[in-house]
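Overview (structure and organization)
Residue strings, one per chain:
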There are 2 protein chains.
Amino acid sequence: MPTSTTKRDDILDSALTLFAERGFDATTIPMIATDAKVGAGTIYRYFANKEVLVNTLFQHYVTLFKEALEKYYPEGAGIREQFHHLFQGMIRFTNEHDHALYFIKTHTSAYFLDAESREQFSHLLMIFEDFFEAGKQHCHIRELPSKALIAIIFGGFLQLYQLIRVGELEASAELLAGVEESCWDAVRHHS
Amino acid sequence: MPTSTTKRDDILDSALTLFAERGFDATTIPMIATDAKVGAGTIYRYFANKEVLVNTLFQHYVTLFKEALEKYYPEGAGIREQFHHLFQGMIRFTNEHDHALYFIKTHTSAYFLDAESREQFSHLLMIFEDFFEAGKQHCHIRELPSKALIAIIFGGFLQLYQLIRVGELEASAELLAGVEESCWDAVRHHS
DNA sequence: AAAAACGGAATGAATATTCATTCCTATAAA
DNA sequence: TTTATAGGAATGAATATTCATTCCGTTTTT
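The text that follows walks through the structure, step by step, so that each part is easy to find. Quick caveat, the model's predicted, so the values are computed rather than measured. (Residues numbered from 1 in each chain as written. Chains lettered and ligands numbered in written order. Predicted model: local features only at pLDDT ≥ 70, side-chain atom pairs only at ≥ 80, totals over all residues. Heavy atoms only, no water.)

On to the overall build of chain A, then. For chain A, the helix and strand inventory stands at nine helices and zero strands. Mapped from its N terminus to its C terminus, chain A presents α and β elements in the order α-α-α-α-α-α-α-α-α. Seen along its three principal axes, the alpha-carbon backbone of chain A occupies a region of about 60 × 35 × 30 Å. A separation threshold of at least 6 residues defines the contact pool for chain A, and within that pool the share at least 24 residues apart is 69%. Accessible surface, chain A: about 8900 Å² in total, of which carbon and sulfur atoms supply 51%. Side-chain charges in chain A split into 17 positive and 26 negative, and the spacing between the mean points of these groups amounts to 4 Å. (Helix = DSSP H or I, 4+ residues; strand = E, 2+ residues; numbered from the N terminus. Contact = heavy atoms within 4.5 Å. Areas by Shrake-Rupley, 256 points an atom, 1.4 Å probe, with all protein chains shown as cover. Lys, Arg positive; Asp, Glu negative; His and termini not counted. Charge placed at Lys NZ, Arg CZ, Asp CG, Glu CD.)

This is the structure in structure tokens:
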């Protein structure tokens, strides 16, 4: 076990960027090594193989994201404020960890994810599921399966952030507020 | 030029399914050949290489999709009816060409798409862009960049259809109607 | 000086692509 | 009507390339 963890982090950072931009299969170990400025062999000092690397990365960011959403969650507040918290959480997390959400999204149903990764991801979804289920009980949320509501929010948000990443849109506060309102209108109950 | 076009179609069909299910890089030519019940070499009689194959496929379905949306477009009708036409178009197209939309979505910003493919895809987006721009002029549509509105609709819809493909949700008429309403509420102007 | 960490060339497996050969089918000769 | 033949289509084994992983000499740390 190495003393310094710098290289390990460099490797993870480069892997995140490359996996997000090109996908797991199109990203080679030498590519990651070059980007991280380490030798190809060094990667194997920290990760048994490419699959362990990608699962480590996946679990790391899913957990971070989950924690970001759960931290300061306004348990007692109104539903709109809770939604705001979750939405802000997505935005903040995306800003802090550039490619992380996109990486998670594009690899959620990948063939190389292990049981632990799938488990962690379902925990993440449960935060949203609980929120929507409670909301539907009080008629604040549209009568659709929670899975469907999650898909609409997540799909829309991430597709949007892809445009921002590519530079086709600028992530102004105004735009983000508008998108939040749009997503809220998509899931809330309309009378 | 072959007399029958059957094999070419078999190859394209198999490639569509495999690219959609596993992605371009995780799909090998022998896989496609086996699935299509042809020799690996036969694929090269019809397509110069793997990239030409994927671009052919991409352009084919983007064009088909564009035509499906443009056909019977209710030019003079109200905005809600036009939206319904577009949304129904997405649903019908997805039903008729199982993996096509998902394949398009997951490969839209892939590194191997050529200029023609990108061009075709931007034509497709323009249908939605025109619709949203006109709607905003008459205050029927939310004041957000059309690109953002497209991302929300497309992202949400496709994420949802992925759940259906995987079997986590059933594509009942009721569900689809609900999702359409949700998407409409996401983009329409609220007073 | 010894031990650990590193780098990157070497290896072998997997993959895209090629190509010599076989297989059809259609036409023509018998 | 049957048989021969040409030429395009199809094949899959062979080749060339790419990639994950390993190995070992070098550098850094203790």
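Contacts between the two partners involve 29 residues from chain B and, on the opposite side, 31 residues from chain A. Counting the surface lost from both chain B and chain A, the interface buries some 2500 Å², and carbon and sulfur atoms represent 66% of this. On inspection of chain B and its partner chain A, the count reaches four salt bridges. Across the pair Glu168(A) and Lys147(B) runs a salt bridge, and its minimum N-O distance is 3.0 Å. At the boundary of chain B and chain A, one finds 10 residue pairs in polar contact (both at pLDDT 80 or more). At the level of secondary structure, the elements contributing two or more residues to the side of chain B that touches chain A comprise helix H8 (146-166) and helix H9 (173-187) of chain B. With 10 residues, the single largest contributor to the side of chain B that touches chain A is H8(B). (Buried area = accessible area lost by both parts, 1.4 Å probe. Salt bridge = Lys/Arg side-chain N within 4 Å of Asp/Glu carboxyl O. Polar contact = N/O pair within 3.5 Å; in protein donor to acceptor, adjacent residues only side chain to side chain.)

Let us look at the pattern of salt bridges. Oppositely charged side chains may form a pair once their charged atoms are brought near each other. Counting across every chain of the model gives 12 salt bridges over all chains. A single network of salt bridges, built from pairs that share partners, joins Arg80(A), Glu180(A) and Glu181(A).

All names here are of chain A. A full pass over the atoms with the stated rule returns 30 aromatic pairs over all chains. One aromatic cluster is present, formed by Phe19, Phe24, Phe58, Phe103, Tyr111, Phe112 and Phe121 through successive ring pairs. Positioned over the ring face of Phe24 is Lys50, at 4.4 Å from the centre of the ring. (Phe/Tyr/Trp six-rings, centres within 6.5 Å; stacked < 30°, edge-to-face > 60°. Lys NZ or Arg CZ within 6 Å of the ring centre and 35° of its normal.)

Take helix H4 (residues 50-70) of chain B next. All names here are of chain B. In a regular helix each residue adds 1.5 Å, so 21 residues correspond to 30 Å; H4 covers 30 Å between its end C-alpha atoms and thus fits that length. For H4, the complete set of buried residues consists of Lys50, Leu53, Val54, Asn55, Leu57, Phe58, Gln59, Tyr61, Val62, Phe65, Lys66 and Leu69. Its side-chain oxygen placed 3.0 Å from the backbone nitrogen of Glu51, Asn49 serves as the N-cap of H4. Of the residues trailing H4, Tyr72 is marked for its positive phi of about 60°. (Expected span 1.5 Å × (residues − 1). Buried < 20%, exposed > 50% of the residue type's maximum accessible area, 1.4 Å probe, protein only.)

Between chain B and chain A, which share one sequence, the superposing operator has a rotation angle of 179° and an axial displacement of 0.0 Å; the RMSD is 0.2 Å. Seen this way, the second copy is the image of the first under a two-fold rotation axis. Taken together, the interface assignments show that 100% of the residues at the interface of chain B recur at the interface of chain A, consistent with an identical surface on both copies. (Least-squares fit on C-alpha atoms with pLDDT ≥ 70 in both.)

Residues and elements named next belong to chain A. On the surface, a cluster of negative charge is made up of Glu51, Asp114, Glu116 and Glu119. Within the secondary structure, Glu119 is located in helix H7 (residues 115-137). For Glu119, a relative accessible area of 41% puts it in the partly exposed group. (Patch = residues over 30% accessible without salt bridge, like charges linked within 9 Å, V, L, I, M, F, W, Y side chains within 5 Å.)

All right, on to helix H9 (residues 173-187) of chain A then. Taking 1.5 Å per residue, 15 residues should reach 21 Å; H9(A) reaches 21 Å between its end C-alpha atoms and fits that length. Judged by how many residues are buried, H9(A) sits mostly within the fold: 11 of 15 residues are covered. Within the span of H9(A), buried status applies to Leu175(A), Leu176(A), Gly178(A), Val179(A), Glu180(A), Ser182(A), Cys183(A), Trp184(A), Asp185(A), Ala186(A) and Val187(A). On its buried face, H9(A) sits against helix H5 (79-96), H7 and helix H8 (146-166) of chain A together with H8 and H9 of chain B.

Looking now at the side chain of Ser182(A). Inspection of the secondary structure puts Ser182(A) in helix H9. Residue classification places Ser182(A) among the buried residues on the basis of a relative accessible area of 0%. At a separation of 2.7 Å, a polar atom in the side chain of Ser182(A) contacts the main-chain carbonyl oxygen of Ala186(B). Setting aside anything within four residues of it in sequence, one finds Ser182(A) in contact with Arg142(B), Leu144(B), Ile152(B) and Ala186(B).

Attention now goes to the packing of H5(A) against H7(A). All names here are of chain A. Where H5 contacts H7, the two axes come as close as 11 Å, and the packing angle between them is 160°. One way to sum up the angle between H5 and H7 is to call them roughly antiparallel. Once H5 is placed against H7, the crossing between them reads as left-handed. Two secondary-structure elements touch here, H5 through Ile79, Gln82, Phe83, Leu86 and Met90 and H7 through Ile127, Phe128, Phe131 and Gly135. Classifying every residue of the contact of H5 with H7 gives seven nonpolar, two polar and no charged. (Axes fitted to C-alpha atoms, helices over the stretch in contact; angles between N-to-C directions. Parallel < 35°, antiparallel > 145°, perpendicular 65-115°, else oblique. Left-handed = near helix turned anticlockwise from the far one by under 90°. Nonpolar A, V, L, I, M, F, W, Y, C, P; charged D, E, K, R; others polar.)

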